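Structural overview
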Amino acid sequence: MYESFAAEFEAHARDGAYNAHYDRPALLELLGDVAGLDVLDAGCGPGLYAEELLARGAAVTAFDASPEMVKLARRRVGSRAEVRTWDLERPLAWLPDAAYDVALMALVLHHVEDRPLALAELHRVLRPGGRLVVSTSHPTTDWLLKGGGYFDRVPIEETWQTSWAVRYWRQPLEAWCEEFADAGFLIERLVEPRPAPTMAARHPEVHQALERAPGFIAFRLVKA
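Everything in this summary refers to the structure shown in the same document. Remember, it's a predicted structure, so these values are computed and weren't measured experimentally. (Residues numbered from 1 in each chain as written. Predicted model: local features only at pLDDT ≥ 70, side-chain atom pairs only at ≥ 80, totals over all residues. Heavy atoms only, no water.)

1. A few points about the overall build of the protein
When its secondary structure is counted, the protein shows nine helices and nine strands. Its C-alpha atoms give the protein a radius of gyration of 17 Å, near enough to 17 Å, the size a compact globule of 224 residues would have. Counting only C-alpha atoms, the protein reaches 40 × 35 × 30 Å along its principal axes. Buried residues in the protein amount to 52% of all 224 residues. Within the protein, contacts between residues at least 6 apart in sequence are counted, and of these 67% link residues at least 24 apart. Approximately 10,200 Å² of the protein is accessible, and the part contributed by carbon and sulfur atoms is 53%. Within the protein, one finds 24 positive and 33 negative side-chain charges whose respective centroids are separated by 3 Å. (Helix = DSSP H or I, 4+ residues; strand = E, 2+ residues; numbered from the N terminus. Rg over C-alpha atoms; globule rule 2.2 N^0.38 Å. Buried < 20%, exposed > 50% of the residue type's maximum accessible area, 1.4 Å probe, protein only. Contact = heavy atoms within 4.5 Å. Areas by Shrake-Rupley, 256 points an atom, 1.4 Å probe, with all protein chains shown as cover. Lys, Arg positive; Asp, Glu negative; His and termini not counted. Charge placed at Lys NZ, Arg CZ, Asp CG, Glu CD.)

2. Re unusual backbone geometry
Residue alanine 98 is not a glycine yet carries a positive backbone phi of 50°. With respect to the helices, strands and loops of the structure, alanine 98 is situated in the loop between strand E3 (82-85) and strand E4 (100-106). The residue leucine 107 is not glycine, and still its phi comes out positive at about 55°. Relative to the helices and strands, leucine 107 resides in the loop between E4 and helix H5 (115-125). The buried category is assigned to leucine 107, whose relative accessible area is 16%.

Written as C-alpha cells, this is what we have:
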C-alpha cells in the first residue's frame, strides 16, 4: 500500500516525529549491540533502519512488498546489504531455516493480514534463542482515537498526511501477545516508548503529547 507514496514517505520518515524521534530510537535500543550479527529487516521500507544497522556492524538482509521502497532502500545501502522485493503475506521461501540472529519488523505487523504466517516464518528463520523486535500502534491509543470496544479486532482504513491511503489492524494487547505465543515466541521486553530528547526541539507539540500518552508499543521477542 506504500507503493504510490514511497518517495514521500521516505522524505517524511527521515526526520518525522513518529519515525525518526520515536520509533527508530526505541527499536534500536531494543535491538542492542548488533555488531557481527545476521539481521533480517522485514518490511524495510526505504532502508532507514537497514542503514543504521549496517553502521552498527550488522550483516543485513532486507525486504519489502513495495518495489519502489526496495529501490529507495537499495539506493541508500548499495551493495552493503541484500535487499529484495517480497511480501510478508507469503512464506519466506528464499530464506533457509535458522539463518538469522535477529529480525526486525518496524511498524509493519499491523499492516499484515496473515500475521500467524508471517510470525511463524520469522520464527523459522531465526536461530535458537534469536530475537524478533516488533513495533506497532498502541492498542489503547487506537481505541481512544477510533472508539468502539477496546477488545474489537477490526481493520482500519484511513488517510495519513493528505493522501496516503492505508489499512491496518486494530486489536487488544492480549491478541498481540496471543499471536506471538502461538508462533513460538516469548516476550522478553515490552516497551511503551517515550519520545527521544531530539523531538522536543524539532516537534515540540508531538513531544508534549507523547510524554503524556504512548503512540506505539514495542516488543523484544525471543525464539523459545
